[in-house]
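# Residue-level structure breakdown
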Amino acid sequence: MLQIDVITLFPKMFDAITESGIIGRARDRRVYQFLPWNPRDFATNTHRTVDDRPYGGGPGMVMMAEPLEKAVSAARQRQISAGVRKPRMIYLSPQGRLLTHELVMSLAAEQGLVLLAGRYEGVDERVIARQIDDEISIGDYVLSGGELAAMVVMDAVIRQLPGALGDAESAEQDSFVRGLLDCPHYTRPESHEGVAVPPVLMSGNHADITRWRLKQALGRTQQRRPDLLAARGMSADERTLLDEYLVEAQGAGK
Ligand code: ADE
């Protein structure tokens, strides 16, 4: 069972993912164990202060080293007691390396993750230097705190763990596993506001359907994320499918 501890001033935010949907069901099935730690519980002064003004001046506040480091150590100790040999210590911040499918898979292979969610002005750098293995960003924009980023990491990692998804929801079919964007999807009715489902999907010919889906995935990736396709490369068959897509799209004015 993957051990996940989070250091956060807002533990209740995590109920949003741990209590519903796939991630809630995976918790019930003991696919992972989740425990939040609040640095405020480790603050020693009467006002339970966890932040202070930045040395050198400037706007905003910085999370103080001592309560944070105590919370991080408590989380690390709990993981070691739960049998994790070496918990992977992660700080969520816009300065981190970008989260990708490859990074998600490497996190999913760990025994334990400790996620540190700071406020966006940041945490005292000495805590990062002493305690953190990996700094991770979920994109080039600034959130008001690391909690949403930590939840994004948790969701992406947990759904890759054995037992998290039902057979019908297999992660192998996911976008990015093949380095491509997903194909379009349709369900009943056959016609919606005069727009029909692509006939091939109604044909019952599974080889044709698989070929059509791959063609759509290649075409959309070329049109929306050419960087992904360039990084991945294409087989000769895929090149042929993409050329077909581009001719058809041109005919349809897309
Ligand atoms: N904290 C604030 N913004 C963030 C981002 N983009 N990624 C990760 N953590 C963050």
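Computed from a prediction, not measured in an experiment: that's the story for all the values here.

### Thoughts on the overall build of the protein chain
Along the protein chain, the regular secondary structure elements total nine helices and nine strands. In terms of overall size, the protein chain is more extended than a compact globule, its C-alpha atoms giving a radius of gyration of 23 Å where 254 residues would be expected to give roughly 18 Å. On the principal axes, the C-alpha backbone points of the protein chain span a range of 70 × 45 × 40 Å. Burial statistics for the protein chain: of 254 residues in total, 41% are counted as buried. A separation of at least 24 residues holds for 74% of the contacts in the protein chain among residues at least 6 apart in sequence.

### What to know about the side chain of D134
Here D134 is to be found in strand β7 (residues 134–137). A polar contact of 2.8 Å, which involves the side chain of D134, links it to the side chain of R88. Among the polar contacts made by the side chain of D134, one reaches the side chain of R97 at a distance of 3.2 Å. Setting aside chain neighbours within four positions, we find D134 in contact with R88, M89, I90, Y91 and R97.

### Observations regarding the site of the ligand
In the vicinity of the ligand lie 13 residues, with S93, I138, G139, Y141 and L143 positioned nearest. At a separation of 3.2 Å, a nitrogen atom of the ligand approaches a polar backbone atom of S93. With respect to the ligand, the backbone of I138 contributes an N or O atom lying 3.0 Å from a nitrogen atom. For the ligand, whose accessible area on its own is 260 Å², the fraction buried by protein is 99%.

### A look at the sheet that holds strand β5 (residues 88–98)
Strand order in the open sheet made by the five strands is β2-β1-β6-β5-β7, with parallel pairing throughout. The open sheet terminates on both sides in strands that have one partner only, identified here as β2 (32–37) and β7. When strand polarity is set aside, the average angle formed by the axes of neighbouring strands in this sheet is 30°. Sheet topology places β5 next to strand β6 (residues 112–117); five bridges connect them, and they run parallel. The residue of β6 that forms the bridge with L92 is A117. The sheet contacts of helix α4 (residues 101–108) involve β5, β6 and β7, and relative to β5 the element is tilted by about 170°.

### Focus: the packing of aromatic side chains
Summed over all chains, the structure comprises two aromatic pairs. Centroid distance W37 to F42: 6.3 Å. Interplanar angle 45°. Geometry classified as tilted. Judged by its relative accessible area of 22%, F42 is partly exposed.

### Observations regarding unusual backbone geometry
A cis amide bond, omega 5°, links R188 with the succeeding residue P189. Secondary-structure assignment places P189 in the loop between α6 (147–158) and β8 (191–192). A positive phi is found at R30, a non-glycine position, where the angle reads about 60°. What makes R30 exposed here is its relative accessible area of 61%.

### Considering the side chain of S137
Topologically, S137 is positioned in strand β7. A residue is classified by how much of its surface remains accessible, and S137, at 2% relative accessible area, is buried. If we ignore the near neighbours within four places in the chain, the residues touching S137 are S93, P94, G96, R97, L98 and L99.

### Structural notes on helix α3 (residues 65–81)
The end-to-end C-alpha separation of α3 is 24 Å, in line with the 24 Å expected for 17 residues at 1.5 Å each. Turning to α3, its buried residues are P67, L68, E69, A71, V72, A74, A75, R78 and Q79. Residues of α3 that are buried sit in contact with β1 (2–7), β2, β4 (62–63), β5, β6 and α5 (125–131). A positive phi of about 100° marks G83, the residue just after α3.

### Things to note about the pattern of salt bridges
On inspection of all chains with the given rule, the structure shows 16 salt bridges. The partner of R97 in a salt bridge is D134, and the shortest N-O contact between them spans 3.2 Å. Here D134 lies in strand β7 and R97 lies in strand β5, a separation of 37 residues in the sequence. Between E244 and R211 there is a salt bridge, with its nearest N and O atoms 2.9 Å apart. Taken together, the positions of E244 in helix α9 (residues 236–251) and R211 in helix α7 (residues 206–224) put the pair 33 residues apart, joining distant regions of the chain. The exposure class of R211 is partly exposed, given its relative accessible area of 40%. Residues participating in the shared-partner salt-bridge network are R88, R97, E110 and D134.

Conventions and cut-offs
Residues numbered from 1 in each chain as written. Predicted model: local features only at pLDDT ≥ 70, side-chain atom pairs only at ≥ 80, totals over all residues. Heavy atoms only, no water. Helix = DSSP H or I, 4+ residues; strand = E, 2+ residues; numbered from the N terminus. Rg over C-alpha atoms; globule rule 2.2 N^0.38 Å. Buried < 20%, exposed > 50% of the residue type's maximum accessible area, 1.4 Å probe, protein only. Contact = heavy atoms within 4.5 Å. Polar contact = N/O pair within 3.5 Å; in protein donor to acceptor, adjacent residues only side chain to side chain. Near = heavy atom within 4 Å. Areas by Shrake-Rupley, 256 points an atom, 1.4 Å probe, with all protein chains shown as cover. Pairing = 2+ DSSP bridges. Axes fitted to C-alpha atoms, helices over the stretch in contact; angles between N-to-C directions. Phe/Tyr/Trp six-rings, centres within 6.5 Å; stacked < 30°, edge-to-face > 60°. Expected span 1.5 Å × (residues − 1). Salt bridge = Lys/Arg side-chain N within 4 Å of Asp/Glu carboxyl O.

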